[in-house]
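One letter stands for each residue in the lines below.
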Amino acid sequence: ERVLNLYKTTADGTPLENISFEIYKVCDLESYVNGDVIIGTGITTDGEGNTAFSKPTEADLEKYAISENLVATVKTDADGIASYCFGPVDGVYLVKELKSTVISSVVEPFFVAVHRFTRSMCTPRIPSSTRMWTLRRMSLRSIRIRRLWT
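Below, the structure is looked at part by part. Since we're looking at a predicted model, the values are computed, not measured.

1. Some remarks on the overall build of the protein
Right, so step 1: Within the protein, the secondary structure is distributed over three helices and eleven strands.
Right, so step 2: N-terminal to C-terminal, the α/β element order of the protein is β-β-α-β-β-α-β-β-β-β-β-β-β-α.
Right, so step 3: Each of the 150 residues in the protein was classed as buried or not, and the buried ones make up 46%.
Right, so step 4: Across the protein, contacts joining residues at least 24 apart in sequence account for 62% of those joining residues at least 6 apart.
Right, so step 5: Summing over all exposed atoms, the protein offers an accessible surface of approximately 8000 Å²; the carbon and sulfur share of this is 48%.

As structure tokens, then:
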């Protein structure tokens, strides 16, 4: 099974509990690969040749972050970890952190491509201001929000 683990901590590494993230289904992977669905401003490439989705635009958030696309809302536990199992379903998802009284700002929304043809799980590819993760069944690495955005 393909699992997305999100870690939310303070700048000094203290885990944050009860931070919520919403996960929205954008499209199936085939629709994206065939060019039927365009998200963000397309694909970007950094100086090292890594490709990634651009960050979601306001139009993306209005179109995809809606109740009928919501597949899960996950909350961090006492260790600052929130997890979601995608199961065998390939697709493109939008992850959005919800506002909370215990944090001053939320992580920018980001896209996640879930498919079975990648080498590693949850491998960040972050050219400049983009966010993308690809997921696979076999191995598990997790996203540490603190390291990526603070």
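The structure having been displayed, the exposition proceeds.
2. Side note on the environment of K25
Right, so step 1: The topology assignment puts K25 in strand 2 (residues 20-27).
Right, so step 2: Residues K25 and V95 lie 70 residues apart in sequence; the distance between their C-alpha atoms is 9.1 Å.
Right, so step 3: Those residues in contact with K25 that lie beyond four places of it in its chain are N69, V71, V89, D90, G91, V92 and Y93.

3. As for the packing of aromatic side chains
Right, so step 1: Following the criterion strictly, the structure yields two aromatic pairs and no others.
Right, so step 2: Seen from their ring centres, Y84 and F86 are 4.9 Å apart, and the 85 degrees between their planes marks the pair as edge-to-face.
Right, so step 3: On the basis of relative accessibility, which here comes to 21%, the residue Y84 falls in the partly exposed class.
Right, so step 4: Centroid distance F86 to Y93: 4.6 Å. Interplanar angle 55 degrees. Geometry classified as tilted.
Right, so step 5: Accessibility expressed as a relative area gives 5% for F86, which makes it buried.
Right, so step 6: Counting every residue linked through ring pairs, the aromatic cluster contains Y84, F86 and Y93.

4. Digging into unusual backbone geometry
Only a minority of non-glycine residues have a phi that is not negative, and only a minority of peptide bonds are not trans.
Right, so step 1: The phi dihedral of N18 is positive, around 65 degrees, even though this residue is not glycine.
Right, so step 2: With respect to the element layout, N18 can be found in the loop between strand 1 (2-7) and strand 2.
Right, so step 3: The class for N18 is partly exposed, based on a relative accessible area of 46%.

5. Notes on the pattern of salt bridges
Right, so step 1: A full pass over the atoms with the stated rule returns two salt bridges.
Right, so step 2: Here E97 ties to K8 by a salt bridge, and the two come within 3.2 Å at their closest N and O atoms. Of this pair, E97 sits in strand 7 (residues 91-97) while K8 sits in the loop between strand 1 and strand 2, placing them 89 residues apart in sequence.
Right, so step 3: Here K55 makes a salt bridge to E108, at a shortest N to O gap of 3.9 Å. With a gap of 53 residues between them, K55 in the loop between strand 4 (51-53) and helix 2 (58-64) and E108 in the loop between strand 7 and strand 8 (110-114) connect regions that are remote in the sequence.
Right, so step 4: Residue classification places K55 among the partly exposed positions, given a relative accessible area of 36%.
Right, so step 5: The class of E108 is partly exposed, set by a relative accessible area of 33%.

What counts as what
- Residues numbered from 1 in each chain as written.
- Predicted model: local features only at pLDDT ≥ 70, side-chain atom pairs only at ≥ 80, totals over all residues.
- Heavy atoms only, no water.
- Helix = DSSP H or I, 4+ residues; strand = E, 2+ residues; numbered from the N terminus.
- Buried < 20%, exposed > 50% of the residue type's maximum accessible area, 1.4 Å probe, protein only.
- Contact = heavy atoms within 4.5 Å.
- Areas by Shrake-Rupley, 256 points an atom, 1.4 Å probe, with all protein chains shown as cover.
- Phe/Tyr/Trp six-rings, centres within 6.5 Å; stacked < 30°, edge-to-face > 60°.
- Salt bridge = Lys/Arg side-chain N within 4 Å of Asp/Glu carboxyl O.

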